[in-house]
Amino acid sequence: MKVCIYGAGAVGCYLAGRLHRGGAQVSVVARGANLAAIRERGITVETPARRWQSPVAASDDPAALGPQDAVIVAVKAPALPAIAPGLAQLLGDGTPVAFVMNGIPWWYFAHHGGPMDGRRLPRIDPGDAMWTTVGPDRALGGVILASCDLVAPGEVHVETPKSTLYLGEPAGGTARAEALAALLRDDDFTVAAVADIRQAIWAKLQMNLCSGLFGCLSNRAPSATFHIPAVAEAVRRVAAEAGAIAAAMGHPTQFDAEANIARATKQVHRSSIVQDLDAGRPMEFHPTFGTPQECARMMGVPTPTMDLLIALVEARARAAGAYPTETQA
Ligand SMILES: NC(=O)C1=CN([C@@H]2O[C@H](COP(=O)(O)OP(=O)(O)OC[C@H]3O[C@@H](n4cnc5c(N)ncnc54)[C@H](OP(=O)(O)O)[C@@H]3O)[C@@H](O)[C@H]2O)C=CC1
Ligand SMILES: CC(C)(CO)C(=O)C(=O)O
């Protein structure tokens, strides 16, 4: 199976290495130092269980890689409009495109049913770039539970001993997701094709809202703050508010706030959104914070703790030049 990863950063390199170990014919769309390193040495992955190198094809010109059997997108959300023309070059008849990204995805309301069905999210998909290029029928949702850091160009370090990826179709099927899952799973990587990918999205969002909001305000990993009683108490409130939004949206989660706090007190990885804010790069502000808050307003769910924290993070993001505009890539 010919699979291309668009965006060879922390998650993209990890998935490319996994796919290569799983026997796929893998290529990546990369640029800059990453492209040069991957061309020279391939991708290096280090997990707590093993370290390996995967020679994969790499190009900054998607047309040179041509139509694929499947594509995985692992860029940050503000880059989506800019990659649309390149992504189009990788699509053959019915090529599925899995978006392994945090937060509410651009396709969220496609095949949703009810009065919100087909609703567009212009702050996540400006100009309907993804809706037009990929379209909801090719899209697969992807939710990854793994802490990945690019420690050098083409070299990813994964902190989590056991990682998990959920894949699923907006309309609820699992067949296309299962074909990809079979190539990715390993003894330390659980990959499941699920019928309700939106539930996995909300459960991960509960995690991201906690680690992301407190991380953006403290510029620290959860291990530096979650043991502080006042922080842990506020984390519980954010988790509960996010859980209430998920339930109101029809996807109640089984998120265990205490287990999350216990796990996070050991997490030395600074959330990727925190790293972006710190570096002044466009943050995934809307998928992770703004759109969940909009969903709360839409459903009449009160979120006082989230509202305060999101307002403060927005102020920091704007001051740092990391608040996303529609044209950033
Ligand atoms: N890191 C983590 O632990 C986790 C991340 N996630 C999510 O996974 C997704 C990917 O995150 P992550 O891997 O951390 O992000 P990274 O920033 O590490 O990787 C994104 C990559 O996309 C590349 N890219 C952007 N635009 C283009 C373009 N036009 N052409 C070619 N390459 C491009 C970037 O290149 P360049 O560097 O040159 O800009 C970068 O290498 C995000 O949605 C994130 O929230 C989810 C769970 C955990
Ligand atoms: C921190 C983590 C691993 C989970 O919240 C994450 O999703 C990120 O770094 O973006």
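Residues numbered from 1 in each chain as written. Chains lettered and ligands numbered in written order. Predicted model: local features only at pLDDT ≥ 70, side-chain atom pairs only at ≥ 80, totals over all residues. Heavy atoms only, no water.

**A word on the site of ligand 1**
Under the convention used in this document: Proximity is defined per residue: any heavy atom of the residue falling within 4 Å of a molecule or strand makes that residue near it. We call two N or O atoms a polar contact when they sit within 3.5 Å, provided that within protein one can donate a hydrogen and the other can accept it, with sequence-adjacent residues counted only if both atoms are side-chain atoms. Calculation of accessible area relied on Shrake-Rupley with a 1.4 Å probe; when residues are assessed, cover is drawn exclusively from the protein chains displayed. For this classification, the nonpolar set comprises Ala, Val, Leu, Ile, Met, Phe, Trp, Tyr, Cys and Pro, the charged set comprises Asp, Glu, Lys and Arg, and every other residue, Gly included, is treated as polar. Throughout the structure description, domain borders are defined by an automatic or database domain assignment.
Around ligand 1 lies a shell of 24 residues, among which Val11, Arg31, Asn102, Cys148 and Glu284 are the nearest. Contacts to ligand 1 include alanine 10, whose backbone N or O atom sits 3.0 Å from an oxygen atom. Within the side chain of glutamate 284, a nitrogen or oxygen atom sits 2.5 Å from an oxygen atom of ligand 1. Look at ligand 1: alone it shows 890 Å² of surface, and the protein chains cover 81% of it. Classifying every residue of the shell around ligand 1 by side-chain character gives 13 nonpolar, seven polar and four charged. Per-domain counts for the shell around ligand 1 show at least three residues from each of domain 1 (2–195) and domain 2 (199–320).

**Points about the packing of helix α12 (residues 285–299) against helix α13 (residues 304–320)**
If you want to describe how two helices pack, look at the angle between their axes and the distance between the axes. Put simply, the rule reads: Angles shown run from 0 to 180 degrees and are taken between the N-to-C directions of axes, each axis being a line fitted to C-alpha atoms and, for helices, limited to the stretch in contact. Only DSSP runs of H or I reaching four residues or more are called helices, and only runs of E reaching two or more are called strands; each is numbered from the N terminus. Each crossing gets its hand from how the near helix is turned against the far one by less than a right angle, where anticlockwise is left-handed and clockwise is right-handed. In this description, contact between two residues means that some pair of their heavy atoms is separated by no more than 4.5 Å.
Where α12 contacts α13, the two axes come as close as 11 Å, and the packing angle between them is 145°. When the axes of α12 and α13 are compared, the crossing they make is left-handed. Contact with α12, carried on its side by Phe285, Phe289, Gln293 and Arg297, involves Asp307, Ile310, Val313 and Glu314 of α13 and no other residues of that element.

**Digging into the site of ligand 2**
Around ligand 2 sit Asn102, Ala146, Ser147, Lys204, Asn208, Ser211, Gln267, His269, Ser271 and Ser272, and those are all the residues in its vicinity. Within the contact set of ligand 2, an oxygen atom lies 2.8 Å away from a side-chain nitrogen or oxygen of lysine 204. Interatomic distance of 2.6 Å between a side-chain N/O atom of serine 272 and an oxygen atom of ligand 2. Protein coverage of the free-state accessible area of ligand 2, which is 290 Å², stands at 94%. Among the elements that make up the shell around ligand 2, the one with the highest residue count is helix α7 (residues 197–218) (three residues).

**A word on the UniProt feature "domain: Ketopantoate reductase N-terminal" (unreviewed entry) in the protein chain**
Inclusion rule: UniProt positions are given in the numbering used here, feature names are shortened, and annotations may be inferred rather than shown by experiment.
In the UniProt entry, the feature "domain: Ketopantoate reductase N-terminal" (unreviewed entry) is given for residues 3–170. Here residues 3–170 is 24% helix and 30% strand, with 20 Å between the C-alpha atoms at its ends.

**Focus on the sheet that holds strand β12 (residues 189–193)**
The condition that has to hold: Strand pairing is assigned whenever DSSP identifies at least 2 bridges connecting the two strands.
Spatially, the eight strands line up as an open sheet ordered β5-β2-β1-β6-β7-β8-β11-β12, and their pairing is mixed. Here the strands that pair on one side only, and so sit at the sheet edges, are β5 (57–59) and β12. The sheet shows a mean angle of 20° between the axes of neighbouring strands, taken without regard to direction. Examined bridge by bridge, strand β2 (residues 25–29) and β5 share three bridges and lie parallel to one another. Opposite serine 27, over in β5, you have alanine 57 as the bridge partner. Lying over the sheet, α7 contacts β8 (139–145) and β11 (163–168), oriented at roughly 35° with respect to β8.

**Comments concerning helix α9 (residues 229–248)**
Formally: A helix is expected to span 1.5 Å multiplied by its residue count minus one. Whether a residue is buried, partly exposed or exposed follows from its accessible area with a 1.4 Å probe, protein chains only, as a fraction of its type maximum: under 20%, in between, or over 50%, in that order.
Taking 1.5 Å as the rise per residue, α9 with 20 residues should run 28 Å; its terminal C-alpha atoms sit 29 Å apart, in good agreement. When α9 is considered as a whole, its buried residues turn out to be Val231, Ala232, Ala234, Val235, Val238, Ala239, Glu241, Ala242, Gly243, Ile245 and Ala246. Looking one or two places after α9, you find glycine 250, whose phi comes out positive at around 95°.

**With respect to unusual backbone geometry**
A positive phi angle, near 55°, is found at histidine 111, a position not held by glycine. Looking at the secondary structure, you find histidine 111 in the loop between β7 (97–100) and α5 (129–133).

**Quick notes on the environment of phenylalanine 214**
By the secondary structure assignment, phenylalanine 214 is in helix α7. For phenylalanine 214, a relative accessible area of 11% corresponds to the buried category. Spatially, the C-alpha atom of phenylalanine 214 lies 8.8 Å from that of phenylalanine 226, the residues being 12 residues apart in sequence. The residues touching phenylalanine 214, leaving out its near neighbours within four places in the chain, are Leu209, Phe226, Val231, Ala234, Val235, Val238 and Leu309.

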